[in-house]
Amino acid sequence: MSYGISDIFGMITDMSDIKKIPAHVGIIMDGNGRWAKAHGVPRVMGHNAGMQSMKKIVIATSNMGIKYLTVYAFSTENWKRSTEEVSGIFNLIVKYVNSELEELDENNVHINIFGDYSMLPKASIDAIDKMVSRLDKNDGLVFNIALNYGGRDEILRSVRELARQCAEEGRDPSGLTEDDISRYLWSGDAYFGVPDPDLIIRTSGEERISNFLTWQSAYSELMFTDTLWPDFTPDEYAAMIEAYANRDRRFGGRKETDK
Ligand code: FPP
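These remarks concern the structure in this document. All residue numbers refer to position in the chain's written sequence, counted from 1. Where totals are concerned, whole chains, interfaces and linings use all residues; where local detail is concerned, this predicted model gives features only for residues with pLDDT of at least 70, and gives and counts side-chain atom pairs only at 80 or more. Think of the side-chain values as coming from all heavy atoms in the structure, minus any hydrogens and water.

Take the overall build of the protein next. Counting its regular elements, the protein contains eight helices and six strands. Per the convention used, a helix needs a DSSP run of H or I reaching at least four residues, while a strand needs a run of E reaching at least two, with both numbered from the N terminus. Put simply, the protein runs from its N terminus to its C terminus through helices and strands in the order α-β-α-α-β-α-β-α-β-α-α-β-β-α. The C-alpha atoms of the protein give 19 Å as radius of gyration, which agrees with the globular expectation for 259 residues (18 Å, within 12%). Taking the principal axes of its C-alpha atoms as reference, the protein extends roughly 60 × 50 × 35 Å. Working definition: with a 1.4 Å probe on protein chains only, accessible area under 20% of the residue-type maximum means buried, over 50% means exposed, and in between means partly exposed. Across the 259 residues in the protein, those meeting the buried criterion constitute 48%. Here, two residues are considered to be in contact whenever any of their heavy atoms come within 4.5 Å of each other. Within the protein, contacts between residues separated by at least 24 positions form 76% of all contacts whose residues are at least 6 apart in sequence. In the protein, the 29 positive side-chain charges and the 40 negative ones have mean positions that sit 3 Å from each other. As a reference, a globule follows 2.2 Å times the number of residues to the power 0.38, and the radius of gyration itself is taken over C-alpha atoms. Working convention for charge: Lys and Arg count positive, Asp and Glu count negative, and His plus the chain ends are omitted. Lys charges are placed at NZ, Arg charges at CZ, Asp charges at CG and Glu charges at CD.

This is the structure we're talking about:
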């Protein structure tokens, strides 16, 4: 079954009475492989179903007025999977760009890639570059796709850059701050300038962060659901956003509501 934008709009709960919409949601889209197994189809078809789910969730995010969405599409560890599965995921990126670029543009979506995608096949790199440049002017939803991404890897990259500056520019390392490390992450001001996620959702019943936004998730609210990613609906998503509004975030201090 496929959904148009108007169907999805109708499926979303009325958000007007929800006071605390998260600015940034991160999603670990887990369970494509188990979905494929349950349906007796190859794993790549599970990822294809996952991509269909992702399409609906992107539009739902935009419709709910959430400013930033980051999805975990391919981790630095996912290279360990079979060549067939890895190239299947990369082919899906090309398919996604070909089928979704117009609709993403119509919805004013801007796309950033968190990760070094230069080692992907040329067809995938070209498709990503085309998508990123076409949507560059857009100022609606900022949709970050974590691709060849690892949380520890980006911290290491940031520390290496700061070490280089200390060595080459005579910067005193004892003066380095947390803000300096944040600056050279993919989300940092040196790259895409995206705030830390308020909420991280993981599907499929696994309750781990798995190297996703490791630094940025220090104070994120976490939500887990047993639903496999291809079965995750805009309605379940909207219910989680509603539940987020009822959580007290303390950031290590007192309640947000305490004065
Ligand atoms: C985790 O499920 C999912 C992935 C590693 C890939 C997610 C990719 C997509 C949803 C497609 C992305 C498409 C674009 C265009 C960015 P799993 O395979 O680990 O599931 P399992 O734990 O059930 O085996």
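Summary of the distance rule: residues count as near a molecule or strand when at least one heavy atom falls within 4 Å of that molecule or strand. Around the ligand, a shell composed of 17 residues is seen, among which D30, G33, R34, R43 and R81 lie nearest. N or O atoms within 3.5 Å of each other form a polar contact, as long as, within protein, one can give a hydrogen and the other can take it, and as long as residues adjacent in sequence are counted only when both atoms are side-chain atoms. Contact between the ligand and G31: an oxygen atom at 3.3 Å from a main-chain N or O atom of the residue. Take R81: an N or O atom from its side chain is 2.8 Å from an oxygen atom of the ligand. Calculation of accessible area relied on Shrake-Rupley with a 1.4 Å probe; when residues are assessed, cover is drawn exclusively from the protein chains displayed. Relative to its free-state accessible area of 630 Å², the ligand is covered by the protein chains to the extent of 91%. Only α2 (32-38), α3 (43-63) and α4 (83-106) provide two or more residues apiece to the shell around the ligand. The biggest single contributor to the shell around the ligand is α3, with five residues. In this classification, the charged set is Asp, Glu, Lys and Arg, the nonpolar set is Ala, Val, Leu, Ile, Met, Phe, Trp, Tyr, Cys and Pro, and all remaining amino acids, among them Gly, are polar. Looking at the shell around the ligand residue by residue, the classes come out as seven nonpolar, six polar and four charged.

Moving on to the side chain of T70. On the secondary structure map, T70 appears in strand β2 (residues 68-75). Among the polar contacts made by the side chain of T70, one reaches the side chain of N144 at a distance of 3.0 Å.

Here is the key point about a regular strand: its side chains alternate between the two faces of the sheet. Among the eight residues in β2, seven count as buried, and that is most of the element. The pairing criterion for strands is at least two bridges between them, as found by DSSP. Pairing of strand β1 (residues 24-28) with β2, which is carried by five bridges, proceeds in the parallel orientation. Among the inter-strand pairings, H24 is bridged to a residue of β2, identified as Y68. Pairing between β2 and strand β4 (residues 142-149): seven bridges, direction parallel. Counterpart to T70 in the pairing with β4 is N144.

Attention now moves to the nonpolar core. Residues enter a nonpolar core if they are buried and are Ala, Val, Leu, Ile, Met, Phe, Trp, Tyr or Cys, with the set joined through side-chain atoms within 4.5 Å. Counting residues in hydrophobic clusters, the biggest one holds 46 residues, and the most contacted among them are I27, F143 and Y237. Of all the elements, α4 adds the most residues to this core, at nine residues. In contact with F143, not counting residues within four places along its chain, are M54, V58, L69, V71, Y96, V109, H110, I111 and N112. Core analysis: the second largest hydrophobic core is formed by 12 residues, Y68, V142, V194 and F212 among them.

Moving on: the sheet that holds β4. Taken together, six strands build an open sheet; the order of strands is β3-β4-β2-β1-β5-β6 and the sheet is parallel. Strand pairing shows two members of the sheet lacking a second neighbour, β3 (110-114) and β6 (221-224), which therefore form its edges. For this sheet, the mean angle separating the axes of adjacent strands, direction not counted, is 20 degrees. Both strand β5 (residues 199-202) and β6 contribute to a ladder of four bridges, which runs parallel. From the neighbouring strand, L199 faces β6, where its bridge partner is E221. Every angle, taken between N-to-C directions, lies between 0 and 180 degrees, and every axis is a line fitted to C-alpha atoms, over only the stretch in contact when it is a helix. In this fold helix α8 (residues 234-245) packs onto β1, β2, β5 and β6, with an angle of close to 145 degrees to the strand it touches most, β6.

The next thing to look at is the packing of aromatic side chains. When the centres of two rings from Phe, Tyr and Trp lie within 6.5 Å, Trp using its six-membered ring, the rings pair. Their planes under 30 degrees apart give stacked, over 60 give edge-to-face, and anything left gives tilted. Enumeration according to the criterion identifies 10 aromatic pairs in this entry. Arranged with centres 5.2 Å apart and planes meeting at 85 degrees, the rings of F74 and W79 form a pair that is edge-to-face. Using a relative accessible area of 1% as the deciding quantity, one classes F74 as buried. The exposure class of W79 is partly exposed, given its relative accessible area of 34%. Each member of the aromatic cluster is reached from another via a ring pair, and the members are Y72, Y149 and F212. Charge-over-ring contacts are defined here by two conditions on Lys NZ or Arg CZ: a distance within 6 Å of the ring centre and an angle within 35 degrees of the ring normal. Lying across the ring of Y244, K20 places its NZ or CZ 5.7 Å from the centre.

On their own, these measurements won't tell you what the molecule is for.
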